[in-house]
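# Tertiary structure, described
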Amino acid sequence: MPALASAARVKIVLGYSTYLPLYGSRMNKASDQWQETYSVLSVGRNGIALVAVLWVLVLLSVMAAGLLRDTRVETNIARNLVENTKAEALADAGVYRAVLGLLAPVDQGGWRVDGTVYAWAYGGGEIRVSVQDEGGKIDLNKGQDALLRILFNSLGLDDQESAALADAIVDFRDPDDLRRLNGAEDADYALAGLAHEAKDAPFAAVEELHQVLGMTPALYDRVAPSLTVYSGLRSPHLATAPRAVLDFLSAASAAAFGQEFSTDTTVQEGEPAPPPPSTSPLSAEPEIIREGRTTARSRVNVYTIHAEGRMESGAVFAREAVVRVTGRGERPYRFHAWRQGRRLHFPGAEEVD
Ligand SMILES: [Ca+2]
């Protein structure tokens, strides 16, 4: 037993002694492999993690940049909106200041109505206003067809086109359905595929000219500043006529048409061109920066006020209003139209959307 026990112990010892080194070497070998594999895996994992972190950083940077840009754009939009609203308020203030100027006669400090440009500093910006006497324009409801023909002729239309448009305008406003030689009544509008007919009633606004057969938007833009529905005069009051009206009248034959126009005019031949707008600092009171040619006013008492407000940021807003000034009672003036106008007095300024 002792021998067996000894042998067993030896075996056990041997077993251990032979096994343990073996086991140890296996363990060591496995451990080495593991270490090797692990180190390879470890390097791979570290690399992947690094790449992932870099991608996340890139993604975050892109998101941050996008957010920053969006914020900047929104801030700009908000600022532009505020500036544009301020410019609009300035223009509207200019309209009311002009009405005040129209309530007084010119010789008592009242405003001129011949397109003279007034300017003053106000509310952190600048206001420029001009007033045009509607009496100086051609009345769409009263203007004779001959006058309308010359008007379209002077804009480059040939004789036939001019006659057609002039007749179509008269047909549009006259109450009957009798077609003039070159005109257009209901049947012609239907033939042209238009949904509307001739109005057979006076023009309520110059904009209705768009509905007249043969009128194009481009032609309308050119002719509209010379037209009105407020004067009630058969021929324009020349003293206060806008430059466009005078130009076409002077281009026409004075011999043929001169006697058809009213002669209460102070228009002088060869008058100097209006001076350029002043660049000196403005005062808070309206002052003339571009003079017209007359201090006359027609007896129509309806005026188009063109007012523009400009902020220091460059935001500009143009307001156009048509006002009838009576100076009587509780309502000494009444607006016929109130719309956004085209920029005339601040050309080249930054457009703010
Ligand atoms: Ca008619």
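### A closer look at the environment of Arg-234
- Here Arg-234 is to be found in the loop between strand 4 (227-228) and helix 6 (243-251).
- A tally of 14 C-beta atoms within 10 Å means that Arg-234 is categorised as partly exposed.
- Between the C-alpha atoms of Arg-234 and Leu-140, which are 94 residues apart in sequence, the distance is 9.3 Å.
- With near-sequence residues (within four places) excluded, Arg-234 lies in contact with Lys-142 and Gln-144.

### Side note on the sheet that holds strand 6 (residues 302-311)
- Taken in spatial order, the six strands line up as 5-1-2-6-7-8 in an open sheet, and their pairing is antiparallel. A strand with exactly one partner marks an edge of an open sheet, and here the two such strands are strand 5 (287-290) and strand 8 (333-340). Along the sheet, successive strands turn relative to each other by an average axial angle of 30 degrees, direction set aside.
- Where strand 1 (residues 114-122) meets strand 2 (residues 125-133), seven bridges bridge the pair, whose relative direction is antiparallel. Directly across from Tyr-122, in strand 2, lies its bridge partner Gly-125.

### A closer look at the pairing of strand 7 (residues 316-325)
- The buried fraction of strand 7 is high, at seven of 10 residues.
- Between the antiparallel neighbours strand 6 and strand 7 lie four residues, among them Gly-314 with a positive phi of about 105 degrees.
- In this sheet, strand 8 lies alongside strand 7 in antiparallel orientation, the contact comprising seven bridges. By the bridge assignment for strand 8, Val-322 is matched with Ala-337.

Rules used throughout
Residues numbered from 1 in each chain as written. Predicted model: local features only at pLDDT ≥ 70, side-chain atom pairs only at ≥ 80, totals over all residues. Helix = DSSP H or I, 4+ residues; strand = E, 2+ residues; numbered from the N terminus. Buried ≥ 20, exposed ≤ 12 C-beta atoms within 10 Å, placed from the backbone. Contact = placed C-beta atoms within 7 Å. Pairing = 2+ DSSP bridges. Axes fitted to C-alpha atoms, helices over the stretch in contact; angles between N-to-C directions.

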